[in-house]
Amino acid sequence: MSGRSLGGHILRHDALGGAMGELPTGTVTFLFTDIETSTRLGRELGTDRWHELLSQHGPIIREAAGRHHGVEVRTEGDAFFLAFRTAHDAVAFAADAQRALTAHAWPDDARIRVRMGMHTGDAVAGRADTGMDYVGYDVNRAARVAAAGHGGQVLLSYVTRALLGDVLPEGVTVRDLGEHRLKDISQPERIYQLVIERLPDAFPPLRTMGAPLRNFPPQVTSFIGRERELGQIEELLKKTRLLTLVGPGGTGKSRLAIELGSRAAEKFDDGAVFVPLVSLRDAGLVLSTIARTLSVHEAASRPIFDSLVAELQDAHRLLVLDNFEQVIDAAPAVAELVAACGHLSVLVTSRSALRVSGERELAVEPLSAPDPSSLPPLEQLAEFESVALFMDRARALRPELTLNPKNAAAIASICARLDGLPLAIELAAARIRTLSPQELAARLEQSLGLLTSSARDAQARHRTLRDTLAWSYELLQPTEQLVFRRLSAFAGGCSTAAADEVCAIPSRALVDVLDSLVGKSLLRRSELDGSTRFGMLQTMREFAEEQLHASGEADNIHAAHADHFLRFVVVTERQLETADAVAAIHSLEQERENVRAALSWYIERNDFERAAGMASAIGLFWWIRGYASEGRSWIDRILALPGSSVRTTARVRALRTGGMIAFPQKDVATGRGWLEEAVALGRELHEDGLVADALHWLGDLTVVDRGPAEGLALFREAKELARASGHIFTFDATRIHLAMNARFAGDIAGARAMADELLTEGRASGKVWASAQAHLILGWGALDERDPRRAAEHFREAIVLLGALGDRFSLLFALLAFAMATAEQGGAERAVGIAAAAEAQAARSGIGLPDFVFKMIGPSLDAARMSLAPEVAHAAATAGREMSIESAIAYALETPAEMQEHR
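The rules we used
Residues numbered from 1 in each chain as written. Predicted model: local features only at pLDDT ≥ 70, side-chain atom pairs only at ≥ 80, totals over all residues. Heavy atoms only, no water. Helix = DSSP H or I, 4+ residues; strand = E, 2+ residues; numbered from the N terminus. Rg over C-alpha atoms; globule rule 2.2 N^0.38 Å. Buried < 20%, exposed > 50% of the residue type's maximum accessible area, 1.4 Å probe, protein only. Contact = heavy atoms within 4.5 Å. Core = buried A, V, L, I, M, F, W, Y, C linked by side-chain atoms within 4.5 Å. Salt bridge = Lys/Arg side-chain N within 4 Å of Asp/Glu carboxyl O. Arc of directions from axis to C-beta. Polar contact = N/O pair within 3.5 Å; in protein donor to acceptor, adjacent residues only side chain to side chain. Patch = residues over 30% accessible without salt bridge, like charges linked within 9 Å, V, L, I, M, F, W, Y side chains within 5 Å. Areas by Shrake-Rupley, 256 points an atom, 1.4 Å probe, with all protein chains shown as cover. Pairing = 2+ DSSP bridges. Axes fitted to C-alpha atoms, helices over the stretch in contact; angles between N-to-C directions. Expected span 1.5 Å × (residues − 1). Parallel < 35°, antiparallel > 145°, perpendicular 65-115°, else oblique. Left-handed = near helix turned anticlockwise from the far one by under 90°. Nonpolar A, V, L, I, M, F, W, Y, C, P; charged D, E, K, R; others polar. Phe/Tyr/Trp six-rings, centres within 6.5 Å; stacked < 30°, edge-to-face > 60°. Lys NZ or Arg CZ within 6 Å of the ring centre and 35° of its normal. Disulfide = S-S within 2.5 Å. pLDDT = per-residue confidence, 0-100.

**What about the overall build of the chain?**
1) Next: On a plain count of helices and strands, the chain comes out with 40 helices and 17 strands.
2) Next: Radius of gyration (C-alpha) of the chain: 30 Å, near the 29 Å computed for a compact globule of 903 residues.
3) Next: Considered along the principal axes of its C-alpha atoms, the chain spans approximately 90 × 85 × 55 Å.
4) Next: For the chain, with 903 residues in total, the buried portion stands at 57%.
5) Next: Sequence-distant contacts, at least 24 apart, represent 73% of the contacts inside the chain between residues at least 6 apart.

Pasting the structure below:
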């Protein structure tokens, strides 16, 4: 089906599930499906075989729909429009149908990938004489959600996701893909993806009108008051580009900044981005964290500051830097970034000002609170922001609670006693399930009065908050106190499994304790990629850390935390060589702050062996994701530890990892020295696997330094050692290099045979990176054989796999190769645009692509440019240079029909 059929709701009546009266009415989940690249498939298979395929495809869809109460509204070719009475039925259908479509043996071994999209809204019936069964905004929105997806992908709108709640079919979870603009839809849509067990879940960026506008974390509670402050901030941001919200912990700075950023995103052409710094302690990582949030690649051959400037100098964007106080030494770098980027605005939350040029400060005061000694009438009392916040949070626990003459004085007393501090008020309100307002006020007065006497030297509001935290902590059961303080060891939150291991209490009891701490507002629960995580506000974590140190168990708990994440990265490193590679990458990204904390713990204690082991296990992740500068920083610190010079396996691991990181840094001299020592010491210690790894990376450096032929002997020895020692990644990587060398030497058939072998193995075992590299080699081979159409298909597959992994270096290489194949097929304008996008991304990110790449693609792209009118070539190149990496991928993967729709 062409994209046109999913682009709007007016579709041809080919098959109806019943008369109009039989269609669901009221609130309905609308679901669209179609086969990816069906036009090309139909052309390749021919009419008869294509109809045979459709005759098998239709029954699979209809049978699954029947099992889940779906009604077939209409079809067009390979596309279905279905209606379901509930969102749960629609999701169950989608999972069931995708499993059946994947398991089916299709004619001629065709690869059939069906995309699906759904949205829930009001069913508005059309007129029978127009051939329209449902009409209206919600149908169009469902069609646009579906059109954003890729074959095999199932997308949901925000409304559909909300209606699902926590009830999902077995083996199905939901992944948040962020906010996106959909064609003909004025407001951005938050889109979710079904993750179906044992089916692929990694896809290219959505085919939407640009990258997500913002990434602000969704809030589970309502925003109360602060309208005056919001107005002040908006006015100040018109006059200054660096604004800091200052105030003590608990005043609500972060929540205010998130609300402002969410509201103001539309006023910035390039959106607003939230950068959480809460788990950072190293000011040197602030720019890297901003870059990672913006998907700016870290290239060690270029300072990260320069890469950020290249990305942001023309961007009209708002950055919200949250919890800056513990990385205050990074303030000059932020000020320099603002000065270098003329359209960039930065909103900072911090307990203290940055004290840099160009900064404006705004003090965030507590919420307005009443005077208990002079109570106003009830309707006026309810207008105080602190009272409104208390009542909102209390009613979430006791919906029947009202502000009335009997409890007004107590509620006013609570808000005044807590100085109007939002966090303190939320902690107190969490107790309303078991205490009346009057009882709560009495206990607060007594407890805080006792606590305050021991902290008279603290600032009043800080003392109030700390005393409230202490009061809440003292009310916990002993096991709850233990878990609360031990959770402070985690940076950036934790999974239930990690908490189970580090907190060291029985699993069944832990779940109850975690739930209790969430209910008492001492812990926050969130869901990411279908898994539950727990985290603390920074103020909470600081208090919990104090209690952990006071308990005398801090060293043991931090050691348990570090050892847990050492085991985690060792296991995850192995997964990078399997079908779980994309999930492993996501897991490592999710736990990056915890891994940093663990590395710091080992380094601070001069534990060279464990620090080297952890860096070794995460080195491949650093390399794939382009975090070379961070990895090099850790390696330098580890190799400077006492004991690092001892000739042990740990030293081999550290040297090998350092050499791996030196490759993307193009630090040939240092990398060669480290790797040559790793090879020599590894041979001495009979560590054949590590020797294979070091020889492979030494071969890479040799190719960069001396040319492809010079690395052959190193790759051949590395290959045999890796085969014997079971080092899968190195075994595959050396074969890839040998295949590339064969092609350069003119042995096209030999290169193709090696790449075919790699691809066959990769598909069988799900090795993502090796499969992508094999597709690249096969694509170049197809170009050598003057078959650009086949080359483009291989390059497409490589782009999909590399995009899912986030291997930016190889991805840009694949985009340029695809541009060449496109040019060779006559798609000059598109080729120029894709090449310009890849070259611009390389320049912004500081990625130095090898000269031989441009020698290979140069003639074809030059010819493509020359074939176009100058103004057309210029427009195509300009559009390409303005694309994000996500937009460039989506543009490269578009089919002709989809390209026509987007016009």
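**Here we look at the nonpolar core**
Where a protein is soluble and globular, its nonpolar side chains tend to be buried together.
1) Next: By size, the foremost hydrophobic cluster in this structure holds 184 residues, and its most contacted members are Phe 390, Val 483, Leu 487 and Leu 815.
2) Next: Excluding residues that lie within four positions of it along the chain, Phe 390 makes contacts with Ile 411, Ile 414, Cys 415, Ile 425, Ala 429, Ile 432 and Leu 440.
3) Next: Formed by 37 residues, the second largest nonpolar core is a distinct cluster that contains Leu 82, Phe 93, Trp 106 and Ala 110.

**Observations concerning the pattern of salt bridges**
1) Next: The tally for this structure, following the rule as stated, stands at 57 salt bridges.
2) Next: Of the charged contacts in the structure, one is a salt bridge between Glu 604 and Arg 605, with a shortest N-O distance of 3.3 Å.
3) Next: Since its relative accessible area comes to 56%, Glu 604 is described here as exposed.
4) Next: Relative accessible area serves as the criterion here: at 40%, Arg 605 is assigned to the partly exposed category.
5) Next: We note a salt bridge from Asp 784 to Arg 743, for which the minimum N-O separation is 2.7 Å. On the criterion of sequence distance, the pair formed by Asp 784 in helix α33 (residues 768-784) and Arg 743 in helix α31 (residues 728-744) is long-range, its members being 41 residues apart.
6) Next: You can call Asp 784 partly exposed: its relative accessible area is 34%.

**Remarks on helix α7 (residues 227-237)**
1) Next: Taken together, the buried positions of α7 are occupied by Glu 229, Leu 230, Ile 233, Leu 236 and Leu 237. Seen along its axis, α7 keeps its buried residues to an arc of 130°; they face one direction.
2) Next: Those residues of α7 that are buried lie in contact with β10 (242-246), α8 (253-264), β12 (317-322), β13 (344-350) and β14 (360-363).

**So, unusual backbone geometry**
1) Next: Backbone geometry at His 69 places phi at a positive 65°, although glycine is not the residue there.
2) Next: Looking at where His 69 falls in the secondary structure, it is placed in the loop between α3 (47-67) and β2 (71-76).
3) Next: In this model, Asp 419 sits at a positive phi of 55°, which is unusual for a non-glycine residue.
4) Next: Considering the arrangement of structural elements, one finds Asp 419 in the loop between α14 (408-417) and α15 (422-429).
5) Next: Since its relative accessible area comes to 30%, Asp 419 is described here as partly exposed.

**So, the side chain of Asp 34**
1) Next: Take Asp 34: it is sitting in strand β1 (residues 27-35).
2) Next: Engagement of the side chain of Asp 34 in a polar contact is seen with the side chain of Arg 115, the distance being 2.7 Å.

**Comments concerning a nonpolar patch on the surface**
1) Next: A contiguous nonpolar patch, built from Tyr 158, Val 159 and Leu 163 and spanning about 280 Å² of accessible area, is present on the exposed surface.
2) Next: Here Tyr 158 shows up in helix α6 (residues 158-164).
3) Next: You can call Tyr 158 partly exposed: its relative accessible area is 47%.

**Considering the sheet that holds β1**
1) Next: Strand order in the open sheet made by the seven strands is β2-β3-β1-β4-β7-β9-β8, with mixed pairing throughout. The outermost strands of the open sheet, each flanked by one partner alone, are β2 and β8 (172-180). Geometrically, the sheet is characterised by an average inter-axis angle of 25° between neighbouring strands, direction not taken into account.
2) Next: As paired elements, β1 and strand β3 (residues 79-84) share five bridges and run antiparallel to each other. The partner of Phe 30 across the bridge, within β3, is Ala 83.
3) Next: Docked against the sheet, helix α4 (residues 87-103) engages β1, β3, β4 (114-122), β7 (154-156), β8 and β9 (189-196), running at close to 175° with respect to β4.

**Focus on helix α20 (residues 507-519)**
1) Next: When the terminal C-alpha atoms of α20 are compared, their 19 Å separation across 13 residues agrees well with the 18 Å that a helix rising 1.5 Å per residue should span.
2) Next: Listed as buried for α20 are Leu 510, Val 513, Leu 514, Ser 516 and Leu 517. Projected onto a plane normal to the axis of α20, the buried residues spread over an arc of 165° and lie on a single side. Facing away from the buried surface of α20 by more than 90 degrees, the exposed residues are Arg 508 and Asp 512.
3) Next: Against α18 (478-486), α19 (496-503) and β17 (531-535) lie the buried residues of α20.

**A look at the sheet that holds strand β11 (residues 272-276)**
1) Next: Spatially, the five strands line up as an open sheet ordered β11-β12-β13-β10-β14, and their pairing is parallel. The sheet is open, and its two borders are formed by β11 and β14, each paired with just one other strand. Here the average twist between neighbouring strands, direction ignored, is 20°.
2) Next: Judged from the five bridges that link them, β11 and β12 form a sheet pairing that is parallel. Counterpart to Phe 274 in the pairing with β12 is Val 320.

**A word on the packing of α33 against helix α34 (residues 788-805)**
1) Next: Between α33 and α34, the shortest axis-to-axis distance is 8 Å and the interhelical angle comes to 160°. One element, α33, and the other, α34, form an angle in the roughly antiparallel class. Here the hand of the crossing between α33 and α34 comes out left-handed. In contact with Val 768, Trp 769, Ser 771, Ala 772, Gln 773, His 775, Leu 776, Leu 778, Gly 779, Trp 780, Ala 782 and Leu 783 of α33, α34 contributes Pro 788, Arg 790, Ala 791, His 794, Phe 795, Glu 797, Ala 798, Leu 801, Leu 802 and Leu 805.
2) Next: Class assignment for the residues of the contact of α33 with α34 results in 15 nonpolar, five polar and two charged.

**Focus: the packing of aromatic side chains**
The relation between two aromatic rings is expressed through the spacing of the ring centres and the mutual angle of the planes.
1) Next: For the structure on display, the rule yields 17 aromatic pairs.
2) Next: Each ring, one from Phe 32 and one from Phe 81, has its centre 4.4 Å from the other, and the planes form 5°; the classification is stacked. Residue Phe 32 is located in strand β1, and its partner Phe 81 is located in strand β3; the two are separated by 49 residues in the primary sequence.
3) Next: Measuring from centroid to centroid gives 4.8 Å for Phe 729 and Trp 769, while their planes differ by 40°, and the two rings are tilted. Linking Phe 729 in helix α31 with Trp 769 in helix α33, this pair joins segments that are 40 residues apart in sequence. We note that Phe 729, like Trp 769, is buried.
4) Next: Note that Arg 830 overlies the ring of Tyr 891, its terminal NZ or CZ placed 5.6 Å from the centroid.

**Thoughts on the state of the cysteines**
1) Next: Taken as a whole, this structure holds zero disulfides when the rule is applied.
2) Next: Free of any disulfide, Cys 494 has its nearest neighbouring cysteine sulfur in Cys 503, separated by 6.8 Å.

**Description of the confidence of the model for the chain**
1) Next: Per-residue pLDDT for the chain averages 86, and the proportion of residues at 70 or more is 91%.
2) Next: Low pLDDT, under 50, characterises residues 452-458; the predicted model gives this stretch six contacts beyond four residues in sequence or across chains.
3) Next: Note that residues 896-903 has pLDDT below 50 and, in this model, 16 contacts with residues that lie over four places away or in other chains.

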